[in-house]
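Here is what each chain is made of, one letter per residue.
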Amino acid sequence: MVPLRSEMTNYQDIIEELYHKLLERKNVGEVADYIPKLGKVDPEKFGICLTDMDNIHYSIGDYDEKFSIQSIAKVLSLCLLYNKKGEEIWQRVDVEPSGTPFNSLVQLEADKGIPRNPFINPGAIVICDMLISEFENPKKELRDYIRRATNSKNIHFNESTAASERSNGFMNIASINFIRSFGNIQNKLDEVLDLYFLLCSIEMTCIEASQAFLFLANEGKCNHTGDTLIIKSRAKRVNAIMLTCGFYDEAGEFAFRVGLPGKSGVGGGIVSILPGEFSIAVWSPRLNSKGNSHRGMKFLEEFTSATSSIF
Ligand code: GLN
C-alpha cells in the first residue's frame, strides 16, 4: 500500500517553521472594514490548523480562536443545496471563473442575471434563494449541515456581524435587485439577504474550519461519522469550482502559487484541501487588494512547496 503523505511528512515541524518565518516578515494589507465589525479585529492574528485523514490536528498560533469565516461558508451552502437538488441548480448559477471582484455587478447584465459561479456574492445570493425555496427552515438546515460537517455543536451564526454587514451592504442589495430584475430570485429580497448575511457571519476556529472541509478531501463523507454530506461525484465538482473560482479575480494566482482547491473569506480565513490527504485552515486578517488574506496565501504557497502537496 502506498503510505499516506501524512505518514511521510512531519506536518507539525513544517507548519511551525513556516509560521515563525512568516512572523518575521512584514505583514501587509488591510482588514475588511467595509463590514464595520470586522474592522475591529486585531490585524496581527495568525493561526493555522491542518487536519489529516486520521483526524489528527497539526496547529499553531491563534488556531483555537473563532473568526468570521465569511465567504468560506459559501462552499458549505452550495454543498447543502447541491446534495439535495442535484444538477438542476446549474440552470440558475454558472460554474465559470468570473475574473472580477467578489461583489462585482458588471457581468450580470450581459449574463442576464445568471451569476458566473456560486462563490461570488451574486452566486451565493442565488444559492440562498434556492435554499429558501427548498427548505422550510433554511437557517436551521444550514446550521445543522455545517455542524455535521464540523462534527461540533459549537457552530453559530453571529447575528451582530450579520447586522453590521447589513448596515453597509449596499453592493449586495444592488446585486439582488439586479438579479431579481432578470427573474432569478424567487423569494422576498429581504429574506434572501438575511440568510446570505447570516451565512457569512458564521464563526469558526482554524480547527473547526479545517474539520468542516475535511469531507471534501474524503469523497464527500464526514471523516468522523462516515455520514455522506455530498455524493462523491458532486464533491469532485465542488472541489473543481474551488480550484477555479475560490479566490475571485485571484483564482488563477492562488492555483498558480498554491495549486490546491481553496476558498477565502474577507475575515482573513482560507481553507484549502488536498483530496485523500488533508484539509488546512489559515487565518490572518490583513487582506490584499483582491480581498484575500495576504499572509494566508503566502503561508499556503510555501506550505505546498515544502510538502510537495500537489492536486
Ligand atoms: N459577506 C461578504 C460580502 O458579502 C463576503 C465577501 C467575502 O468574504 N469575500 O461582501
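All figures in this text were calculated on a predicted structure; none of them were measured in a lab. (Residues numbered from 1 in each chain as written. Predicted model: local features only at pLDDT ≥ 70, side-chain atom pairs only at ≥ 80, totals over all residues. Heavy atoms only, no water.)

Trainee: So what's going on with the site of the ligand? Which residues, and what values?
Mentor: Within the structure, the ligand sits among Y34, Q70, S71, F102, N121, E165, N172, Y196, C200, Y248, G265 and V266. Y248 is positioned such that a nitrogen or oxygen atom in its side chain is 2.9 Å from a nitrogen atom of the ligand. For the ligand, whose free accessible area comes to 300 Å², the fraction covered by protein is 99%. (Near = heavy atom within 4 Å. Polar contact = N/O pair within 3.5 Å; in protein donor to acceptor, adjacent residues only side chain to side chain. Areas by Shrake-Rupley, 256 points an atom, 1.4 Å probe, with all protein chains shown as cover.)

Trainee: Explain the pairing of strand β7 (residues 278-283) to me, and be specific about the residues and the numbers.
Mentor: Most of β7 is tucked away: six of the six residues are buried. The pairing of strand β1 (residues 47-52) with β7 spans six bridges and is classified as antiparallel. Bridge pairing links T51 to S279 in β7. Taken together, the six bridges between strand β6 (residues 269-274) and β7 define a ladder with antiparallel strand orientation. Within β7, the position partnered with I270 by the bridge is V282. Taken together, β6 and the strand that follows it, β7, pair antiparallel across an intervening segment of three residues, in which G276 is found at a positive phi of about 80°. (Buried < 20%, exposed > 50% of the residue type's maximum accessible area, 1.4 Å probe, protein only. Helix = DSSP H or I, 4+ residues; strand = E, 2+ residues; numbered from the N terminus. Pairing = 2+ DSSP bridges.)

Trainee: Go over the nonpolar core, please, and point to the residues and values.
Mentor: Core analysis: the largest hydrophobic core is formed by 66 residues, its most contacted members being M204, F213, F215, L216 and I230. Apart from the residues lying within four places of it in its own chain, the contact partners of F215 are L76, C79, Y145, A149, G220, K221, C222, L229 and I230. (Core = buried A, V, L, I, M, F, W, Y, C linked by side-chain atoms within 4.5 Å. Contact = heavy atoms within 4.5 Å.)

Trainee: Kindly report on the layout of surface pockets, identifying the contributing residues and their values.
Mentor: Its volume calculated, the largest pocket comes out at about 190 Å³. Along the wall of the largest pocket there are 16 residues; nearest its centre are K37, L38, V41, F67 and S68. Partitioned by chemical class, the residues of the lining of the largest pocket number eight nonpolar, four polar and four charged. (1 Å grid on protein atoms, 1.4 Å probe; cavity = no way out; pocket = protein on both sides within 12 Å on 5 of 7 lines; lining within 4 Å. Points joined across faces, edges and corners; volume = space filled by probe spheres on them. Nonpolar A, V, L, I, M, F, W, Y, C, P; charged D, E, K, R; others polar.)

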